[in-house]
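Structure assessment
If you want the building blocks of each chain, they are given just below.
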Amino acid sequence: MIGTEKFESQSGEEPDSESERLLTELKFGLLSCGLRIGEDARHLMEFAKKPIRTRSGTSGGLDVELPYSVFVNAPVAETSGAYSLGVSNGQFVIVDHNGTSFPARLLRAPEYYADKTLDACEDMVRVGQMCSPDRFCYGMTGATCSLWAADDRCRFCSIGLNYQADASSSKTKYLMQVLRRAVNDASHPAKHVLLGGGTPLGDDMGACLASELTRQIKQEFDISIYVMICAPLRNEYIDQLYDSGVDELGMNVEFWSQQAWETYIPGKHRRIGKQRYLKALEHAVMRFGRINTRSIIIAGLEPLDNTLEGIKFFASMGVMPIISPFRPLRGTELEHHPTLSVGQYLQLYEAATNVCAPYDIPLGPTCVGCQNNTLAMPFGSHYHTYFVQPRNEGQTEPYYRQPARKSSADLAGPAN
Ligand code: SF4
């Protein structure tokens, strides 16, 4: 039980450097190798938030909390077996390939996942999902994307395979009732909102709908809203998002090299192009500010030197880079493509941290719970958790605060 002993400390403290190293290795190991669920653990998972198909791309694994508010969405469909989830003394543990056990907790399934919309026509879980402990995700297009045609689709993406699991884009009428339930959930209430999904037709890439939904949500909740869309073809759409009250804007380049753009995201390459992304990000930094403008870059499909070059470029612009480890999703063209090793992730993480430091830009996301599928760790002054404020016209305070750290002692009991 070396891992457990290493993590014992007081709540509220940051871990010492050795604990941080172990946690980083464990988290990146889980992202690289996945998590096998042991039989004893399976019996105790009744209340846990299990993988759902509709979030298969971004957070389709099992949500696990490790000590010190380290969250990881561990792939369970794509696993090498190097890590397994078991039970020891009535608590969940993760056992690594050396037999070392680490304390863990599984997140509870939100209460609304079991319910229907008020008209009893739709499962609430198909309308909006919790993709981290505190982020409510709404896919604006349902399981569709205008770039899903075979020649255009992003090669790692599985959105079009989710027809059964995801409600159609006409579900907008249900958004507020599901969000109300999510915000009031007893164990993991929604504290911020992501509006994303596939890419609709039109030069705005979904910005107009996102602006409309943001206005609607902000009429009822003072809650932080993060919009993630492809780069709109004109800056006026970015202004529109800002004016509607959107707090954070993500436009994901995915790759840095020309070759990777042509190979892995051919539709985005032809319809938008990397240069337009960079112009849009530059404009977004002027409107939304540094760090509130972010871009995901995928690690594991192009040479890491290219990935690192992109990360440095973003940091120099004030854009927060988010490193998303490539996940070979079942049913996609890349389902048999290998992932990077833990060692490669650690190397990239260290190098990326170093290139961002001179610009005082953290590796994103800054929300500790939403780091669950990224190469990021929640330690340092940039990282926080969100909270929903009482309705207050003229909101000026930030929506976030520093997290209360939990040591392994706080992770008592399975799935609580
Ligand atoms: S733009 Fe690409 S990654 Fe996004 S939903 Fe469409 S195909 Fe998938």
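Here, the structure is the one placed above.
To keep things clear, this report deals only with the structure shown in the data block. (Residues numbered from 1 in each chain as written. Predicted model: local features only at pLDDT ≥ 70, side-chain atom pairs only at ≥ 80, totals over all residues.)

In space, the 3 strands of this open sheet follow the order β3-β2-β7, with antiparallel pairing throughout. Either end of the sheet is taken by a strand with one partner, and the two such strands are β3 (70-74) and β7 (105-106). Two strands pair when backbone bridges link them, and strand β2 (residues 62-66) and β3 are joined in this way by 5 bridges, in the antiparallel orientation. The residue of β3 that forms the bridge with Leu 62 is Ala 74. With respect to the sheet, helix α2 (residues 17-33) is in contact with β2 and β3, its orientation differing from that of β3 by roughly 20°. (Pairing = 2+ DSSP bridges. Helix = DSSP H or I, 4+ residues; strand = E, 2+ residues; numbered from the N terminus. Contact = placed C-beta atoms within 7 Å. Axes fitted to C-alpha atoms, helices over the stretch in contact; angles between N-to-C directions.)

Moving on, we come to the sheet that holds strand β1 (residues 36-37). Here we have 4 strands laid out as an open sheet, ordered β1-β4-β5-β6, and mixed in their pairing. The strands lining the two open edges of the sheet, one partner per strand, are β1 and β6 (101-103). Inspection of the sheet shows strand β5 (residues 91-95) paired to β6 by 3 bridges, in the antiparallel sense. Within β6, the residue paired with Val 93 across the bridge is Pro 103.

Another point: the nonpolar core. Ranked by size, the top nonpolar core spans 115 residues in total, and within it Val 193, Leu 195, Ala 210, Val 227, Leu 241, Phe 255 and Leu 375 carry the most contacts. Element by element, the count of residues in this core is highest for α2, at 7 residues. Taken together, domain 1 (18-108) and domain 2 (117-392) each give at least three residues to this core, which thus spans both. If we skip the residues at most four places from it in the chain, Ala 210 touches Met 140, Leu 195, Val 227, Ile 229, Leu 241 and Val 246. (Core = buried A, V, L, I, M, F, W, Y, C linked by C-beta atoms within 7 Å. Buried ≥ 20, exposed ≤ 12 C-beta atoms within 10 Å, placed from the backbone. Domains from an automatic or database assignment.)

Around the ligand lies a shell formed by Cys 145, Leu 147, Trp 148, Arg 153, Cys 154, Cys 157, Ile 159, Gly 198, Thr 199 and Cys 230. Across the shell around the ligand, the residue classes break down as 7 nonpolar, 2 polar and 1 charged. (Near = placed C-beta within 6 Å. Nonpolar A, V, L, I, M, F, W, Y, C, P; charged D, E, K, R; others polar.)

Another point: the packing of α2 against helix α13 (residues 342-356). Contact pair α2 / α13: the axes reach a minimum separation of 9 Å and the direction vectors enclose 125°. In terms of orientation, α2 and α13 fall into the oblique class. When the axes of α2 and α13 are compared, the crossing they make is right-handed. Counting all contacts with α2, which are made through Thr 24, Glu 25, Phe 28, Gly 29, Leu 31 and Ser 32, the residues of α13 involved are Val 342, Tyr 345 and Leu 346. Of the residues that constitute the contact of α2 with α13, the class distribution is 5 nonpolar, 3 polar and 1 charged. (Parallel < 35°, antiparallel > 145°, perpendicular 65-115°, else oblique. Left-handed = near helix turned anticlockwise from the far one by under 90°.)

Here the amide bond leading from Gly 364 into Pro 365 is cis, since omega sits at 0°, within 30 degrees of zero. Here Pro 365 shows up in the loop between α13 and β15 (385-386). Notably, Glu 254 is not glycine yet its phi reads approximately 70°, a positive angle. With 23 C-beta atoms packed within 10 Å, Glu 254 lands in the buried category. Positive phi outside glycine occurs at Ile 291, with the angle close to 70°.

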